[in-house]
Amino acid sequence: MMISKELNDAINLQIGAEFGASLQYVAIATHFDGEGLKKMAELFYKQAEEEKEHAMKLVKYLVDTGGDVRIPAVAAPKAVFESAEEAVKLSLDWEMEVTRQINALYDIARGKNDYAGQNFLDWFVEEQVEEVSSMDNLLKVVRRVGEKNIIMMEAYLSHGD
Ligand code: FEO
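Fair warning: this is a prediction, and the values are worked out from it, not measured in the lab. (Residues numbered from 1 in each chain as written. Predicted model: local features only at pLDDT ≥ 70, side-chain atom pairs only at ≥ 80, totals over all residues. Heavy atoms only, no water.)

## Structural notes on the pattern of salt bridges
Move 1: What the rule picks out here adds up to twelve salt bridges.
Move 2: The salt bridge involving Asp9 is made with Lys5; its shortest N-O contact spans 2.6 Å. Highlighted residues: Asp9 and Lys5, both in helix 1 (residues 5-34), separated by four residues, approximately one helical turn.
Move 3: With a shortest N-O distance of 2.9 Å, Asp33 and Lys38 are connected by a salt bridge. (Salt bridge = Lys/Arg side-chain N within 4 Å of Asp/Glu carboxyl O. Helix = DSSP H or I, 4+ residues; strand = E, 2+ residues; numbered from the N terminus.)

In structure tokens form, the structure reads like this:
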């Protein structure tokens, strides 16, 4: 077994956090779907898929390093949102929290002189910069557009197609 027990345990918790994020983004996507905001929904369905991929990357790493995979219970996601801003703000807060969690995993790997672990986690460190930045940008635009004109988000998001 190449991986330390401490990092193994922490990665198991992170697998739960990533699956939790995936569920939360599905819940947010369905909220937007219900509001007729198809592009916003699409963005969050896609995000949900990415979170599942993050979880699976962690699962594979444990398998590759001879660790134990113990997927924890995942709490039900928040399902009701008063506004687009609330849903996007929750997502940004979540991504900031995940960044802290990834940094904590990194600290464990560094403390154990686990170079393979640090090398593996580099991908997540970079990914979090991207995820926080794009969610932060989305929140800024949602705030500028305002709830009354939130349908404008559909046109805004269509520009990327
Ligand atoms: Fe897996 Fe959005 O962090």
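## Let's talk about unusual backbone geometry
Move 1: Non-glycine residue Asn113 carries a positive phi angle of around 50 degrees.
Move 2: The topology assignment puts Asn113 in the loop between helix 3 (84-111) and helix 4 (115-145).
Move 3: Exposure remark for Asn113: the relative accessible area of 52% places this residue in the exposed category. (Buried < 20%, exposed > 50% of the residue type's maximum accessible area, 1.4 Å probe, protein only.)

## Considering the packing of aromatic side chains
Move 1: If you walk through the whole model with that rule in mind, you get five aromatic pairs.
Move 2: Aromatic pair Tyr25 and Phe44: ring centres 5.7 Å apart, planes at 55 degrees, arrangement tilted. With a gap of 19 residues between them, Tyr25 in helix 1 and Phe44 in helix 2 (residues 38-64) connect regions that are remote in the sequence.
Move 3: Here Lys78 stacks its cationic end above the ring of Phe81, 5.4 Å away from the centre of that ring. (Phe/Tyr/Trp six-rings, centres within 6.5 Å; stacked < 30°, edge-to-face > 60°. Lys NZ or Arg CZ within 6 Å of the ring centre and 35° of its normal.)

## Topic: the packing of helix 3 against helix 4
Move 1: Direction vectors running N to C along helix 3 and helix 4 enclose 160 degrees, while the axes themselves pass 9 Å from each other. Considered as vectors, helix 3 and helix 4 are oriented roughly antiparallel to each other. Crossing of helix 3 over helix 4 shows left-handed handedness. (Axes fitted to C-alpha atoms, helices over the stretch in contact; angles between N-to-C directions. Parallel < 35°, antiparallel > 145°, perpendicular 65-115°, else oblique. Left-handed = near helix turned anticlockwise from the far one by under 90°.)

## Points about the environment of Tyr106
Move 1: Structurally, Tyr106 is set in helix 3.
Move 2: In this structure the C-alpha to C-alpha distance between Tyr106 and Leu121, which are 15 residues apart in sequence, comes to 6.5 Å.
Move 3: If we ignore the near neighbours within four places in the chain, the residues touching Tyr106 are Gln118, Leu121, Asp122 and Val125. (Contact = heavy atoms within 4.5 Å.)

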